[in-house]
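Geometric and topological summary
Chain by chain, the residues:
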Amino acid sequence: MNTKVLSWNINHRTKERAMHPDILATIKDLLPDIVTLNEFVDGPSRLDFLSELKSRGYKNQLITAKLSIHNQILVAAKNNLELIPISGQVPQPQVASNLIFVRCEGLTLCSVRVPAFKVRSEKVLAWEFLVEELKVKKPDLVIGDLNVDADESPLIWSALKNIGLNRVPSERATYFGLRGTPRRLDHALARDGLIADLAVVDQVDGRRLVGHSATHASDHAAILASLSRF
């Protein structure tokens, strides 16, 4: 088994913004087996993009439910996708729309964006729920925007390691805000028994993907996890 999973926060926040052409260009360049896009906002303007994904072989597509103004996750794959329902009581609606478990390519995959809660108690609730779901579902790979740097919140990383999920090492920043130091917010965590590598993708065809002008696809770099078993 050799599987490549692309994850990308495309920075649409809560708006049905135009899909930047470099999103498809990056997928075409990297040829992942599974694509996950977070901060995806579904709507009528997405039909052409989803159709183009299908024409490139990603005929199996799942999108988390649209809940109020909250953004969503798109998962697209060349092979069959089986949705695994969330089993616990979700503490906040934005957690439900930013979390999905699927089976594909012989893997159980969790794609996630942890919302950037400003109130600590809300963040704690979200993380407690996520860790419990991961205990139950036992995914082989967790990938997405965790909204926490690798050097922050050691209790979070310890809780994930205690349930058999190990952060795939990468020292490169994935998020570039308007102010402050670039941060490593997008991560892949692989279960014991998987060999995993992680690439941070911030260019395609010589064009920079990350920034804050109309020429940039997002304020996040994409991440590409490559997986195989021992």
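What this report covers is the structure whose coordinates are included nearby.

What counts as what
Residues numbered from 1 in each chain as written. Predicted model: local features only at pLDDT ≥ 70, side-chain atom pairs only at ≥ 80, totals over all residues. Heavy atoms only, no water. Helix = DSSP H or I, 4+ residues; strand = E, 2+ residues; numbered from the N terminus. Rg over C-alpha atoms; globule rule 2.2 N^0.38 Å. Buried < 20%, exposed > 50% of the residue type's maximum accessible area, 1.4 Å probe, protein only. Contact = heavy atoms within 4.5 Å. Phe/Tyr/Trp six-rings, centres within 6.5 Å; stacked < 30°, edge-to-face > 60°. Lys NZ or Arg CZ within 6 Å of the ring centre and 35° of its normal. Pairing = 2+ DSSP bridges. Axes fitted to C-alpha atoms, helices over the stretch in contact; angles between N-to-C directions. 1 Å grid on protein atoms, 1.4 Å probe; cavity = no way out; pocket = protein on both sides within 12 Å on 5 of 7 lines; lining within 4 Å. Points joined across faces, edges and corners; volume = space filled by probe spheres on them. Nonpolar A, V, L, I, M, F, W, Y, C, P; charged D, E, K, R; others polar. Salt bridge = Lys/Arg side-chain N within 4 Å of Asp/Glu carboxyl O.

A few points about the overall build of the protein
Summing up its helical and strand segments, the protein has 5 helices and 14 strands in all. For 230 residues, the compact-globule formula gives about 17 Å, and the C-alpha radius of gyration of the protein, at 16 Å, lands near that figure. Its C-alpha atoms give the protein principal-axis dimensions of roughly 40 × 40 × 35 Å. Each of the 230 residues in the protein was classed as buried or not, and the buried ones make up 53%. Across the protein, the fraction of contacts at a sequence separation of at least 24, relative to all contacts at a separation of at least 6, is 70%.

Observations concerning the packing of aromatic side chains
The full count for this structure, using the stated rule, is 0 aromatic pairs. The ring centre of F176 lies 5.2 Å from the NZ or CZ of R208, which sits over that ring.

Looking at the side chain of T174
Mapped onto the fold, T174 is located in the loop between β9 (165–167) and β10 (186–191). Apart from the residues lying within four places of it in its own chain, the contact partners of T174 are R183, R184, L185, D186, V200, D219, H220, A221 and I223.

What to know about the sheet that holds strand β1 (residues 2–9)
Sheet architecture is open: 6 strands sit in the order β3-β4-β2-β1-β14-β11, paired in mixed fashion. Strands at the two margins of the open sheet, each flanked by one partner only, are β3 (60–63) and β11 (194–201). Sheet twist, expressed as the mean angle between neighbouring strand axes with direction ignored, is 15°. Summarising the sheet, β1 and strand β14 (residues 222–229) pair through 6 bridges and their orientation is antiparallel. Among the inter-strand pairings, T3 is bridged to a residue of β14, identified as L227.

A few points about the layout of surface pockets
Of the voids in this model, the largest pocket is the one considered here, and its volume is about 620 Å³. Lining the largest pocket are 25 residues; nearest its centre among them are E39, R113, P115, A116 and N147. Residue composition of the lining of the largest pocket, by class: 9 nonpolar, 9 polar and 7 charged. The wall of the second largest pocket is formed by R120, K123, V124, W127, E128, V131, E132, S153, P154, L155, I156 and A159. Those elements that provide at least two residues to the lining of the second largest pocket are α4 (120–137) and α5 (154–162). For the lining of the second largest pocket, the element with the most residues is α4, which contributes 7 residues.

Looking at the pattern of salt bridges
What the rule picks out here adds up to 14 salt bridges. The residue D149 makes a salt bridge to R184 at a minimum N-O spacing of 3.1 Å. Here the residue D149 occupies a position in the loop between β8 (141–145) and α5, and R184 occupies one in the loop between β9 and β10, the gap between them amounting to 35 residues. Classification of D149 by relative accessible area gives buried; the value is 10%. Note that E152 is salt-bridged to R183, the shortest N-O span being 2.7 Å. In this pair, E152 is assigned in the loop between β8 and α5 and R183 in the loop between β9 and β10, connecting sequence segments 31 residues apart. Salt bridges here are not isolated pairs; linked through shared partners, they connect D149, D151, E171 and R184.

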